[in-house]
Amino acid sequence: MILITGATGVVGREVVRLLVEGGANVAAVTRDPHAGLPAGTRLVHPAEIAAIDGVEAVLLSPRAVGAAVSGVLAHAREAGARRVVVLSAVTVRYPAGQARFRREFQEAEDIVRACGLDWTILRCADFAANTLAWAGQIRATGAVRGAYPQARTSTVDERDIAAVAALALTHPRHAGQTYLLTGEQSLSQPEKTAAIGVALGRALSFVETAPEEVRRGMLAAGLPEEVPDRLLGSLADYAREAGPTTGTVRRLLGRPARTYAAWAMDHHAAFAGEGRR
Ligand SMILES: NC(=O)c1ccc[n+]([C@@H]2O[C@H](COP(=O)([O-])OP(=O)(O)OC[C@H]3O[C@@H](n4cnc5c(N)ncnc54)[C@H](OP(=O)(O)O)[C@@H]3O)[C@@H](O)[C@H]2O)c1
């Protein structure tokens, strides 16, 4: 059985789908008894992880597991696990944004390396799905108001991360590897906005906005304080120096990484106005 933490996240859900499709037994950790995961998936509440048996491999999502990383890995080892794959971030290697966010990933990596299981570390660039945060304003105004337009990143499609994670969870040759997973195209924020416009078939604009205004807007929208800290800090750094671009997805999957333009096409309904959905 393969244990997937963060199973309802954009990566975890796709990993579950790929593994089930490939015939694996999957235990999905979620607090939601109606998580809508594929038939045959065993749902495990986070509080029940200690009780499960017969685990071969674990996908570790640091955000979902929080302070329980050591405990989850200890239970997994007792349950027979030999392998762990962790969803980390490129910021561990290419510092951007506030150090406290980077430290969370660094700490998870350190625990994983020392836990006695075969490990694979996936240091991910910013997920394409992060730009779903623009959907409300695009639907309402046809524009994105954001800070640091020149911040460039090679955003990675979360489905590519999931495909690599599924490989690493099931094939021993990825043990001891640290993979930097990015898209292959470094894009600024106006370029990403334009790609969504192409997917929608109408021009969208990116309106440069002072960071403080962006922060106030996010807090007014009810987002926790850490979200603007996390986002604006890294954008400021990526405006000074673009995020990394690698060919790792292509090397591991034997095909190019999915482009941001293709991601935008696949998710256009989320950005379309009423009546266009
Ligand atoms: N977004 C990025 O750009 C980026 C970049 C690099 C790395 N990462 C990392 O990649 C990993 C995967 O991200 P993701 O967006 O797919 O999903 P995620 O953050 O792992 O969240 C997935 C699920 O975790 C559960 N969860 C969240 N908070 C929880 C809490 N406090 N207690 C218990 N469960 C909780 C929720 O599931 P239920 O409600 O079903 O319980 C949630 O749907 C994360 O660790 C993230 O930090 C993200």
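You'll find the structure just up there.
Residues numbered from 1 in each chain as written. Predicted model: local features only at pLDDT ≥ 70, side-chain atom pairs only at ≥ 80, totals over all residues.

1. A look at the nonpolar core
In this structure, L60, V84, L122 and A165 are the most contacted members of the largest nonpolar core, which totals 71 residues. Counting eight residues, the second largest nonpolar core, distinct from the first, contains A151, L231, L232 and L235. (Core = buried A, V, L, I, M, F, W, Y, C linked by C-beta atoms within 7 Å. Buried ≥ 20, exposed ≤ 12 C-beta atoms within 10 Å, placed from the backbone.)

2. What about the environment of L223?
Topologically, L223 is positioned in the loop between α8 (211–220) and α9 (226–240). Contacts of L223, omitting those with residues within four sequence positions, involve M218 and P228. (Helix = DSSP H or I, 4+ residues; strand = E, 2+ residues; numbered from the N terminus. Contact = placed C-beta atoms within 7 Å.)

3. Digging into the site of the ligand
The local shell around the ligand holds 22 residues, among which G6, G9, T30, R63 and A64 are the closest. The set of elements that each furnish at least two residues to the shell around the ligand consists of α1 (10–21), α2 (62–65) and β5 (83–89). A class-by-class count of the residues in the shell around the ligand yields ten nonpolar, eight polar and four charged. (Near = placed C-beta within 6 Å. Nonpolar A, V, L, I, M, F, W, Y, C, P; charged D, E, K, R; others polar.)

4. Brief notes about the packing of α8 against α9
At their nearest, the axes of α8 and α9 sit 9 Å apart, and the two run at 150° to each other. Taken together, the axes of α8 and α9 lie roughly antiparallel to each other. When the axes of α8 and α9 are compared, the crossing they make is right-handed. Seen from α8, the contacting residues are P211, V214, R215, M218 and L219; seen from α9, they are V227, P228 and L232. (Axes fitted to C-alpha atoms, helices over the stretch in contact; angles between N-to-C directions. Parallel < 35°, antiparallel > 145°, perpendicular 65-115°, else oblique. Left-handed = near helix turned anticlockwise from the far one by under 90°.)

5. Quick word on α1
Given a rise of 1.5 Å per residue, twelve residues ought to cover 16 Å, and the 17 Å separating the end C-alpha atoms of α1 matches this to within 8%. Taken as a whole, α1 has its buried residues at V11, G12, R13, V15, V16, L18 and L19. On the buried face of α1, the contacting elements are β1 (2–4), β2 (26–29), β4 (57–60), β5 and α6 (158–170). Just beyond α1, the residue with positive phi is G23, at close to 95°. (Expected span 1.5 Å × (residues − 1).)

6. Remarks on the environment of W119
With respect to the element layout, W119 can be found in strand β6 (residues 118–124). Residues W119 and V85 lie 34 residues apart in sequence; the distance between their C-alpha atoms is 5.7 Å. Residues contacting W119, with those up to four places away along its chain left out, are V84, V86, V112, R113, A175 and G176.

7. Side note on α9
The end-to-end C-alpha distance of α9, which contains 15 residues, comes to 22 Å, matching closely the 21 Å that a straight helix rising 1.5 Å per residue would cover. Among all positions in α9, only L231, L232, S234, L235 and Y238 are buried. Against α8 lie the buried residues of α9.

8. Topic: the sheet that holds β2
Here we have seven strands laid out as an open sheet, ordered β3-β2-β1-β4-β5-β6-β8, and parallel in their pairing. Unpaired on one side and paired on the other, β3 (42–44) and β8 (177–181) mark the two borders of the sheet. If you compare each strand with its neighbour and ignore which way they point, the axes differ by 20° on average. As paired strands, β6 and β8 are joined by five bridges and run parallel to one another. For C124, the partnering residue across the bridge sits in β8 and is L181. Strands β4, β5 and β6 of the sheet are contacted by helix α4 (residues 99–114), whose axis makes an angle of about 165° with β5. The strands that α6 touches are β1, β4, β5, β6 and β8; relative to β6, the one it contacts most, it runs at about 170°. (Pairing = 2+ DSSP bridges.)

Geometric values such as these leave the question of function open.
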